[in-house]
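# Understanding the architecture of this molecule
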Amino acid sequence: MINRLDDPKLIDMKLLPSFLSIALLLTAAAQADSTIKLSGVHNCCKSCANGISAAVAKVAGAEAKIDKRTVEVTAKDEASAKQAVASLLSAGYFGEGATAPEVTDAKVKTADVSGLHLCCGKCVTAAEDAIMGVAGVTKHNATKGAKTFQVEGDFSTKQLAAALNKAGLHASVK
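One structure accompanies this document, and this report is about it.

Thresholds, definitions, all that
- Residues numbered from 1 in each chain as written.
- Predicted model: local features only at pLDDT ≥ 70, side-chain atom pairs only at ≥ 80, totals over all residues.
- Heavy atoms only, no water.
- Salt bridge = Lys/Arg side-chain N within 4 Å of Asp/Glu carboxyl O.
- Helix = DSSP H or I, 4+ residues; strand = E, 2+ residues; numbered from the N terminus.
- Buried < 20%, exposed > 50% of the residue type's maximum accessible area, 1.4 Å probe, protein only.
- Pairing = 2+ DSSP bridges.
- Contact = heavy atoms within 4.5 Å.
- Axes fitted to C-alpha atoms, helices over the stretch in contact; angles between N-to-C directions.
- Polar contact = N/O pair within 3.5 Å; in protein donor to acceptor, adjacent residues only side chain to side chain.
- Core = buried A, V, L, I, M, F, W, Y, C linked by side-chain atoms within 4.5 Å.

## Thoughts on the pattern of salt bridges
- Inspection of the entire model under this criterion finds four salt bridges.
- Ionic pairing is found between D154 and K109, a salt bridge with its closest N-O pair at 3.6 Å. One end of the pair, D154, is in strand β6 (residues 148-156); the other, K109, is in strand β4 (residues 107-114), and 45 residues separate them in sequence.
- A relative accessible area of 35% means that D154 is categorised as partly exposed.

Quick look at the structure:
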């Protein structure tokens, strides 16, 4: 004899609602989104907001909810959310809640900075304030739209990267 799921002898019908509830909860848990909240992200203009959205959208299914200097990255799972945050860092933004790649600490006279988001004068001013706040920095040549620029003086590369991150920006410092 073949047992069928709809055979009342096979399933106690009183338990069916409980089984269905458990199945729905397990399905919802398996499909739950993962969110990472970043605060202090540099976002001074429409181009910055568009850049943030575009960087996060590079990860399939990931979205960014932007509110002034706060960005909530939501994706289908934790790995995708972390990947979207990494994409945001690669686009030149940073926020508390993200993990910046480790920067080798070196005392240098010149450092090449690349990957910093510099879409407008306000971005350049924010970067300049962060850069010039680092002990030993004497000058830089960051300009609007620059992909790479130099910082000069006698300073720590780790302190430079930390200052940019504190300003809500991210860059590669070499």
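## Some points on the sheet that holds β4
- One open sheet accounts for four strands, arranged β5-β6-β4-β7; its pairing is antiparallel. The outermost strands of the open sheet, each flanked by one partner alone, are β5 (137-140) and β7 (172-173).
- Two elements, β4 and β6, share seven bridges in a ladder whose sense is antiparallel. The residue bridging A111 from the neighbouring strand is V151, located in β6.
- In the packing of helix α4 (residues 121-132) onto the sheet, contacts are made with β5 and β6, and the angle to β5 comes to roughly 155 degrees.
- Here helix α5 (residues 157-166) sits on the sheet in contact with β4, β6 and β7, set at roughly 125 degrees to β6.

## Points about α5
- Of the residues making up α5, those classed as buried are T157, L160, A161, A163, L164 and N165.
- Residues of α5 that are buried sit in contact with β4, α4, β6 and β7.
- Capping the start of α5 is the job of one residue whose side-chain oxygen sits 3.3 Å from the backbone nitrogen of K158: S156.
- G168 lies just past α5 and shows a positive phi near 85 degrees.

## Comments concerning the nonpolar core
- Core analysis: the biggest nonpolar cluster contains 48 residues, and L118, L160 and L164 have the highest contact counts within it.
- Breaking this core down by element, the ones donating at least two residues are β1 (34-39), α2 (46-57), β3 (70-75), α3 (78-90), β4, α4, β6 and α5.
- No other element matches α4, which puts six residues into this core.
- Sequence-distant contacts of L118, defined by excluding residues within four places in its chain, comprise C123, V124, A127, A142, T143, K144, G145, A146 and F149.

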